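# A look at the structure
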Amino acid sequence: MKRLLSIFAFLLFSAASAHATWTVTDTDNSLNSDGTAKNTFYATDGTWVLKLTHNGNGEYSCGNYSGTGGEVLDLTTFADDMAAAGVTYSANHNPITVSKLADSGFRGFTGLKEVRLPATITALGHHCLRNSGLQGEFVVPDSVTSMGSSVFADCPGLTKVVMSENVKELWEAFNNCSSLVEVKLASGITKINGVPFSGCKALTTVYARDEDRVVGSVVLPTTVTAIPSTAFKNCPLIERFVAPGMKEIGGYAFENCTSLKEARVSPEFKTLGTSSFFGCTSFTTLYTNEETKVVGHVQLPATCTGSIGEATFRNTLIERIDAPSITSISGKSVFESCLRLAEVHL
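Residues numbered from 1 in each chain as written. Predicted model: local features only at pLDDT ≥ 70, side-chain atom pairs only at ≥ 80, totals over all residues. Heavy atoms only, no water.

### Structural notes on the overall build of the chain
Check the secondary structure of the chain and you find three helices and 27 strands. In terms of principal-axis extent, the alpha carbons of the chain reach across some 80 × 55 × 30 Å. When the 346 residues of the chain are sorted by exposure, 49% land in the buried category. Counting contacts in the chain only where the partners sit at least 6 residues apart, residues at least 24 apart contribute 35% of the total. (Helix = DSSP H or I, 4+ residues; strand = E, 2+ residues; numbered from the N terminus. Buried < 20%, exposed > 50% of the residue type's maximum accessible area, 1.4 Å probe, protein only. Contact = heavy atoms within 4.5 Å.)

### With respect to the pairing of strand S6 (residues 97-101)
Here is the key point about a regular strand: its side chains alternate between the two faces of the sheet. Across the five residues that make up S6, a large majority, four, are buried. The pairing of strand S4 (residues 59-66) with S6 spans four bridges and is parallel. Note on S6: the bridge partner recorded for Ser61 is Lys100. (Pairing = 2+ DSSP bridges.)

### With respect to the sheet that holds strand S19 (residues 248-249)
With parallel pairing, three strands are arranged side by side in an open sheet as S17-S19-S21. The open sheet has two free edges, formed respectively by strand S17 (226-227) and strand S21 (271-272), since each of these has just one partner strand.

### Some words on unusual backbone geometry
A positive phi is found at Asn176, a non-glycine position, where the angle reads about 65°. Within the fold, Asn176 resides in the loop between strand S12 (169-171) and strand S13 (182-184). With a relative accessible area of 41%, Asn176 lands in the partly exposed category.

### A short note on the sheet that holds strand S1 (residues 23-25)
Across a sheet, strands are paired by hydrogen bonds formed along the backbone, either parallel or antiparallel in direction. In spatial order, the strands read S1-S2-S3-S4-S6-S8-S10; together these seven strands make up an open sheet with mixed pairing. Only two strands of the sheet have a single neighbouring strand rather than two, namely S1 and strand S10 (146-147).

### A short note on the nonpolar core
Counting 91 residues, the largest nonpolar core has Phe152, Phe174 and Phe232 as its most contacted members. Those elements that place two or more of their residues in this core are strand S2 (40-44), strand S3 (49-56), S4, helix H3 (78-84), S6 and strand S11 (158-162). Aside from chain neighbours lying at most four places away, what touches Phe152 is Leu124, Leu129, Leu134, Phe138, Val140, Met147, Leu158, Val161, Ala173, Phe174 and Cys177. (Core = buried A, V, L, I, M, F, W, Y, C linked by side-chain atoms within 4.5 Å.)

### Notes on the side chain of Ser30
Looking at the element boundaries, Ser30 is found in helix H2 (residues 27-30). Here Ser30 falls in the buried class, since its relative accessible area comes to 0%. A polar contact is formed between the side chain of Ser30 and the backbone nitrogen of Tyr42, at a distance of 3.0 Å. The contacts of Ser30, once residues within four sequence positions are left out, are Val24, Thr25, Thr36, Ala37, Lys38, Thr40, Phe41 and Tyr42. (Polar contact = N/O pair within 3.5 Å; in protein donor to acceptor, adjacent residues only side chain to side chain.)

### Concerning the environment of Asn64
Summarising the element assignment, Asn64 is placed in strand S4. Asn64 sits in the buried class, given a relative accessible area of 17%. Counting along the chain gives 32 residues from Asn64 to Ile96, while the straight-line C-alpha distance between them is 18 Å. Every residue in contact with Asn64, bar those within four places of it in the chain, is listed here: Trp48, Val49, Leu50, Gly105, Phe106 and Phe109. In this structure the side chain of Asn64 is engaged in a polar contact, spanning 3.4 Å, whose partner is the backbone oxygen of Ser66. Only 3.3 Å separates the side chain of Asn64 from the backbone oxygen of Gly67, close enough to count as a polar contact.

### Overview of the pattern of salt bridges
Inspection of the entire model under this criterion finds 16 salt bridges. For Lys184, the salt bridge identified is with Asp210, shortest N-O distance 2.9 Å. Separated by 26 residues along the polypeptide, Lys184 in strand S13 and Asp210 in the loop between strand S15 (205-207) and strand S16 (217-219) bring together distant segments of the chain. The exposure class of Lys184 is buried, given its relative accessible area of 18%. Between Lys233 and Glu255 there is a salt bridge whose closest N-O contact spans 3.6 Å. In this pair, Lys233 sits in the loop between S17 and strand S18 (240-242) while Glu255 sits in the loop between S19 and strand S20 (262-264), placing the two residues 22 residues apart along the sequence. For Glu255, a relative accessible area of 10% gives the class buried. (Salt bridge = Lys/Arg side-chain N within 4 Å of Asp/Glu carboxyl O.)

### As for the environment of Glu137
Summarising the element assignment, Glu137 is placed in strand S9 (residues 136-139). For Glu137, a relative accessible area of 47% corresponds to the partly exposed category. Here Glu137 is in contact with Thr159, Lys160 and Val162, once residues within four sequence places are set aside.

Structure (structure tokens):
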């Protein structure tokens, strides 16, 4: 009897864990007369119905075509399933593979909890997983070399993302991911654009190399020389910003980062945007290297010219500013409510 129960349990487990096979659907519109796939065709695993669009050489981008989908999107066997069914690309009978999640392909699917990407994936399209129900950690495989804007924006269930080592530019990737705690970037990242982390209220840790991971800190490699406006706006749990290659901080970049205490920038730092540290109620220190760091002081190097804009240090705890090349202070509230500020040296 125990043996029969064990066999029954095994069969149940096997059935539950077995992956549903991807098959071509709507064959009249999907396949040519010789059974090869058209430039646009449709496939289903019984839960998802995908529209696949040819990108070249048998590589296709995919997105949901109809229905509500399910909790898991598993594309890992797609190529094998097509091969087993004898479906190839029409022009040269190349194997069919999924190389991209289409722009907005799975946007707004709040029931989608997990995506399993195939080894053939090279691109994540604009907004492809935006406002989806992704949960926990998401690892972007190193096969991905291109990632559009807002791929993970507005995903409230994401807690950690590990980026592909081959994605060197970040575009508005994580804004308003309210549960996101940690992001590992490519070690050779060069650009951070758009509004990458704005509104990530749980974010504490961003880094590009394992040895630079410090909970509570954003640590960027020297290859990143600028961050855009509102980059970390409304990220109240970040405590330190360390970017020794940083030459430009955009306006409102750290607005309302209420736990931020200090920022390290390049000795060749040039531009400090308007309202950069507005509302950083714990902020005390900006410096260019550890040897000259003085807690309470803002030390802008001689390469930083022009003016300090409105509300740049409003509501901070700074005590002194040294800015030898700044020519003016503009706006009414640059130092408003800086109750500890005693000296300004221009």
